[in-house]
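# A closer look at the structure
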Amino acid sequence: MNNGIMLGSFEYYLFSKGLGLQSILVIWIHGTLEISSIILAGGAGLILGNSLLFPGTYTRIESLKNGAKDGLKIAIGLIPIFIIAAFFEGFVTRHTEMPIALSLSILIASLTFIIWYVILYPAILNQKINHNNSIKNETTY
């Protein structure tokens, strides 16, 4: 939450000074991946907390183990994204004179990757798993 308030204030200040477009083209080169990953990591923490507070039909320890396993899968899956964001921040973001087309290409590619990696790819995997399970269930009867 603190990072969100800080980022919002920072962006508001830059937009009020007429530097909004430049901030988007420079800062968000790494921010697209980094902020998305921070939000997803927060979601992993919420999964862990939810498993502790609302264990359902499991014992609290079993539910916590399951939540930790699910949260850890998300956290480990975010490591490569944080590394790429760090590379962009260290080696690309500092080039403020970069052509707009290149900056937009990196932004769009990063956003497309996040949408694919977080929304589309898991949906495709889930669909394949459910399809395979339904085939197994049909053959066992």
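Residues numbered from 1 in each chain as written. Predicted model: local features only at pLDDT ≥ 70, side-chain atom pairs only at ≥ 80, totals over all residues. Heavy atoms only, no water.

What follows is about helix H3 (residues 60-91). The first and last C-alpha atoms of H3 sit 45 Å apart over 32 residues, in line with the 46 Å expected at 1.5 Å per residue. Roughly 30° is the biggest bend found in H3, and it falls at Ile79, with proline Pro80 one to four residues downstream. Of the residues making up H3, those classed as buried are Ser63, Gly67, Gly71, Gly77, Leu78, Ile81, Ala85 and Phe88. (Helix = DSSP H or I, 4+ residues; strand = E, 2+ residues; numbered from the N terminus. Expected span 1.5 Å × (residues − 1). Bend = angle between axes of the 7 residues up to and from the residue. Buried < 20%, exposed > 50% of the residue type's maximum accessible area, 1.4 Å probe, protein only.)

A word on the pattern of salt bridges. For the coordinates displayed, the defined rule picks out one salt bridge. When the shortest N-O distance is used, the salt bridge between Lys65 and Glu62 registers 3.9 Å. Of the two residues, Lys65 and Glu62 are both situated in helix H3; the distance of three residues between them amounts to about one turn of the helix. Residue Glu62 is classed as partly exposed on the basis of its relative accessible area, which comes to 36%. (Salt bridge = Lys/Arg side-chain N within 4 Å of Asp/Glu carboxyl O.)

At a closest axis distance of 10 Å, the pairing of helix H1 (residues 2-16) and helix H2 (residues 20-53) adopts a crossing angle of 160°. The pairing of H1 with H2 is recorded here as roughly antiparallel in orientation. Every pair of crossing elements has a handedness; the one defined by H1 and H2 is left-handed. Of the residues in H2, those touching H1 at Leu7, Phe10, Glu11, Leu14 and Phe15 are Gly20, Ser23, Ile24, Ile27, Trp28 and Ile35. (Axes fitted to C-alpha atoms, helices over the stretch in contact; angles between N-to-C directions. Parallel < 35°, antiparallel > 145°, perpendicular 65-115°, else oblique. Left-handed = near helix turned anticlockwise from the far one by under 90°. Contact = heavy atoms within 4.5 Å.)

With that settled, consider the nonpolar core. Counting residues in hydrophobic clusters, the biggest one holds ten residues: Ile29, Leu33, Leu78, Ile81, Ala85, Phe88, Val92, Met98, Ile106 and Ile114. Every element with two or more residues in this core is listed here: H2, H3 and helix H4 (100-140). (Core = buried A, V, L, I, M, F, W, Y, C linked by side-chain atoms within 4.5 Å.)

Bringing the packing of H2 against H3 into the picture now. Put simply, H2 and H3 touch, their axes get as near as 8 Å, and they point 170° apart. What the angle tells us is that H2 and H3 run roughly antiparallel. Residues of the contact of H2 with H3, tallied by class, amount to 19 nonpolar, six polar and four charged. (Nonpolar A, V, L, I, M, F, W, Y, C, P; charged D, E, K, R; others polar.)

The topology assignment puts Lys73 in helix H3. The sequence separation of Lys73 and Pro55 amounts to 18 residues, and the corresponding C-alpha distance is 19 Å.

Take the packing of aromatic side chains next. Throughout the structure, instances matching the rule amount to six aromatic pairs. Where Phe87 meets Phe91, the ring centres are 5.2 Å apart and the plane angle is 40°; that geometry is what we call tilted. Here the residue Phe87 and the residue Phe91 both occupy positions in helix H3, the gap between them amounting to four residues, near one helical turn. The class for Phe87 is partly exposed, based on a relative accessible area of 44%. With centroids separated by 6.4 Å and ring planes inclined at 35°, the aromatic side chains of Trp116 and Tyr117 adopt a geometry described as tilted. (Phe/Tyr/Trp six-rings, centres within 6.5 Å; stacked < 30°, edge-to-face > 60°.)

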